[in-house]
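Secondary and tertiary structure notes
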Amino acid sequence: MSLQAIDTQDIVPDSLPGADTTDRDARARARALLLERTTNALNGRANQAVAWLEDCLAAVGETDPLREPRTFDLAFGLAPRRLGRDPLETDQVARERLRREAIACLPGWHPEGWRLDEAVRVLLLTAAGDAVVPALLAHTLRHADLPEQLALYRALPLFPSDVDMIATVRRGLRTNIRAVFEAIAHDNPWPARHLDEAGWNQMVLKALFVDSALAPIQGLDDRCNADLARMLTDYARERFAAGRPIPDELRRALGPHATPAAVALLDDERGLAAS
Amino acid sequence: MMFIDPHAHMISRTTDDYEAMAAAGIVALIEPAFWQGQPRTHVATYEDYLSAILGFERFRAGQFGVRHYCTVGLNSKEANDEELAEAVMDILPRFALKEGVVAIGEIGYDEQTALEDRYFRAQLELAKETALPVLIHTPHRDKMRGTLRSLDVCEEHGIDPSLVIVDHNNEETIDTVLERGYWAAFSIYPSTKMGSERMVSLLTRYGAERVIVDSACDWGISEPLAVAKTAQLALERGVPRAAVELACYGNALAAYGRSGQMQESDWLDPASIDQTELYAGNSILRGGREPVIEAPKVRRTAGDLDIR
């Protein structure tokens, strides 16, 4: 999975002038790519499926899903029953092509492993339009089952971000279900770009805490900071005192902020493990 | 032998129970939405309850190698709070189509009031609309009349009896429920419902066709191993193995499998995505050994002082 980690230098920082427009255009291109691949996958199977999807997308676009959620809720719920849970791309060559095209739209975005039902749910949500998406996402996540949560959190780069979105994602990161945590934290450019330092640090520390890998976290090296290094060093010390192993990846996350005490502790632990 | 417990309120149970159930051969269970002892007074707490039984509880069960499904519905007790009931009816369509929801239930009568009747009927219509089976809770008091009334109302709404599981039956209600084509479920629950000995007598007398055994274990004094223990007792008393398998496994699978949300491959051949996200698998069954009916081997005692 670490092969998918990308250089976050490609990501346009929010503070740059024109970032909003650039961001909107990039998301529109990404959604068009997702719609094209989804339609292709459905065309190969049953035309009724394409018609159902088109009807649903049109209906969601025409109604206000926040005021009248029924149309959206039913389409969102029915997606896997109507269209199945097959992969969006079945062969390796097509996946690789989708991977390259996706990164060209949105750096760090990885839809190549998505299933049809996941793609359709993301298309349905984004059909509501930028003004509605953050609130609709929060509404949907309030009662989402596991596959729905995974689909939505993996698709964060396709959604416009505002203050509410950050609260939504931080709520998601508080999950007890590791797959949900990883849908946000792994192979996803959204956290590095949008989380503030406190939120970012909590995510990295939690990854270690729930035995999740650090390597698939995008921007890990760019966003290391002194406070995170302190938190990680404290955590390493706590593990050491409890006689529990310290995860190997912890050292990398310290970056240039590793203190001599932290290095000594990690070396000491390694020595103990070897003996 | 593999077992399904098609009625277990696991949200009230501990990890010890999950371990014991997995060790006893319970591969799957169904958590019907019901009341929680304390009445809910806001729709939001109801919403979070439904999210919990189809979300975290499903995940929690999977970590012990037990597949978890649920039913959603407005129970008969809380149907008597009209303001709450109206609000719950608005959110139910949203939950009925979630992954792993195998029926609308448990619904029916408690005191057989007008409000209970109204929301029972409304939910039968929802079941038709969503093509889901129905789990009926028959009342504990005035049981015979309440059971007959439940069947009459189902028929009035044109519900196919083969899509309806009638639960909490006893020696009085079994004849009618089976004669009219419904699934007859029995909750092996100490003191108030059915007992293992009586259940074995019923299996001996009626056979296992459309008979389902469950534990209904919840926050009261109840037994999460009731299905496995009843199966063991039935085998000891000479009930044919095939009949025990039907009552304690096959019939529940056939009835709730009509939802399209529950199939044997879920536990025998789980998809790789499920194995990483939702389901740890049951190492005891994978090892091919006969499951052990009783408490888990490593039961905590005061003597085990080493907690890691």
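To be clear, the structure that these remarks concern was listed above.
The present account deals with the structure reproduced in this document. (Residues numbered from 1 in each chain as written. Chains lettered and ligands numbered in written order. Predicted model: local features only at pLDDT ≥ 70, side-chain atom pairs only at ≥ 80, totals over all residues.)

Remarks on the overall build of chain B
Helices and strands together make up the secondary structure of chain B, namely 13 helices and eight strands. Out of the 308 residues in chain B, the part that is buried amounts to 49%. A sequence separation of at least 24 residues applies to 75% of the contacts in chain B between residues at least 6 apart. (Helix = DSSP H or I, 4+ residues; strand = E, 2+ residues; numbered from the N terminus. Buried ≥ 20, exposed ≤ 12 C-beta atoms within 10 Å, placed from the backbone. Contact = placed C-beta atoms within 7 Å.)

Thoughts on the packing of helix α8 (residues 196–206) of chain B against helix α9 (residues 226–236) of chain B
All names here are of chain B. Their axes nearest at 9 Å, the elements α8 and α9 cross at an angle of 55°. The angle between α8 and α9 falls in the class oblique. As for how α8 packs across α9, the hand of that crossing is right-handed. Of the residues in α9, those touching α8 at Ser196, Met199, Val200 and Leu203 are Lys229, Thr230, Leu233 and Ala234. For the contact of α8 with α9, the class distribution of residues is five nonpolar, two polar and one charged. (Axes fitted to C-alpha atoms, helices over the stretch in contact; angles between N-to-C directions. Parallel < 35°, antiparallel > 145°, perpendicular 65-115°, else oblique. Left-handed = near helix turned anticlockwise from the far one by under 90°. Nonpolar A, V, L, I, M, F, W, Y, C, P; charged D, E, K, R; others polar.)

A few points about the interface of chain A and chain B
Across the contact, 11 residues belong to chain A and 15 residues belong to chain B. Within the residue set of the side of chain A that touches chain B, elements represented by two or more residues are α3 (70–83) and α7 (146–154) of chain A. Its residues placed into classes, the side of chain A that touches chain B shows five nonpolar, three polar and three charged.

Here we look at the pairing of strand β6 (residues 164–167) of chain B
Residues and elements named next belong to chain B. With burial as the criterion, each face of β6 is covered, one bearing Val164 and Val166 and the other bearing Ile165 and Asp167. The pairing of strand β5 (residues 134–137) with β6 spans four bridges and is parallel. Bridge pairing links valine 134 to valine 164 in β6. Regarding topology, helix α6 (residues 143–156) serves as the crossover connection from β5 to the parallel β6, and that connection is right-handed. (Pairing = 2+ DSSP bridges. Right-handed = clockwise from strand over helix to strand, strands pointing away.)

Topic: helix α11 (residues 197–209) of chain A
Residue and element names in this part refer to chain A. The terminal C-alpha atoms of α11 lie 18 Å apart, and with 13 residues this matches the ideal 18 Å at 1.5 Å per residue to within 8%. The complete set of buried residues in α11 reads Trp200, Asn201, Met203, Val204, Ala207 and Leu208. Viewed along the axis of α11, the buried residues span an arc of 160°, placing them on a single side of the element. More than 90 degrees from the buried face of α11, the exposed residues found are Ala198 and Phe209. Positioned one or two residues after α11, aspartate 211 has a phi angle of 60°, which is positive. (Expected span 1.5 Å × (residues − 1). Arc of directions from axis to C-beta.)

Examining helix α5 (residues 116–126) of chain A
Extensive coverage of α5 of chain A is indicated by the burial of 11 of its 11 residues. Looking only at α5 of chain A, the buried set comprises Leu116, Asp117, Glu118, Ala119, Val120, Arg121, Val122, Leu123, Leu124, Leu125 and Thr126 of chain A.

Concerning the sheet that holds strand β4 (residues 101–108) of chain B
Residue and element names in this part refer to chain B. If you trace the eight strands from one edge of the open sheet to the other, you get β1-β2-β3-β4-β5-β6-β7-β8, paired in parallel fashion. At either margin of the open sheet sits one strand with a lone partner, and together these are β1 (3–5) and β8 (211–214). Between one strand axis and the next, the sheet turns through 25° on average, direction left out of account. Sheet topology places strand β3 (residues 67–72) next to β4; three bridges connect them, and they run parallel.

Notes on the environment of leucine 116 of chain A
Residues and elements named next belong to chain A. Counting through the fold element by element, leucine 116 comes out in helix α5. The exposure class of leucine 116 is buried, given the 23 C-beta atoms found within 10 Å. A sequence separation of 32 residues divides leucine 116 from glycine 84, and the C-alpha atoms of the two residues are 7.0 Å apart. Look past the residues within four positions of leucine 116 in its chain and what remains in contact with it is Thr38, Ala41, Leu83, Gly84, Arg85, Asp86 and Leu88.

Some remarks on unusual backbone geometry
Residue glutamate 106 of chain B is reached from glycine 105 of chain B by a cis peptide bond, and omega for that bond is -15°. Relative to the assigned elements, glutamate 106 of chain B resides in strand β4. Positive phi, normally seen in glycine, also occurs at aspartate 211 of chain A, with a value near 60°. Structurally, aspartate 211 of chain A is set in the loop between α11 and α12 (226–242). Positioned with a positive phi, aspartate 142 of chain B is a non-glycine residue whose angle comes to about 55°. Classification of aspartate 142 of chain B as partly exposed rests on a count of 13 C-beta atoms within 10 Å.

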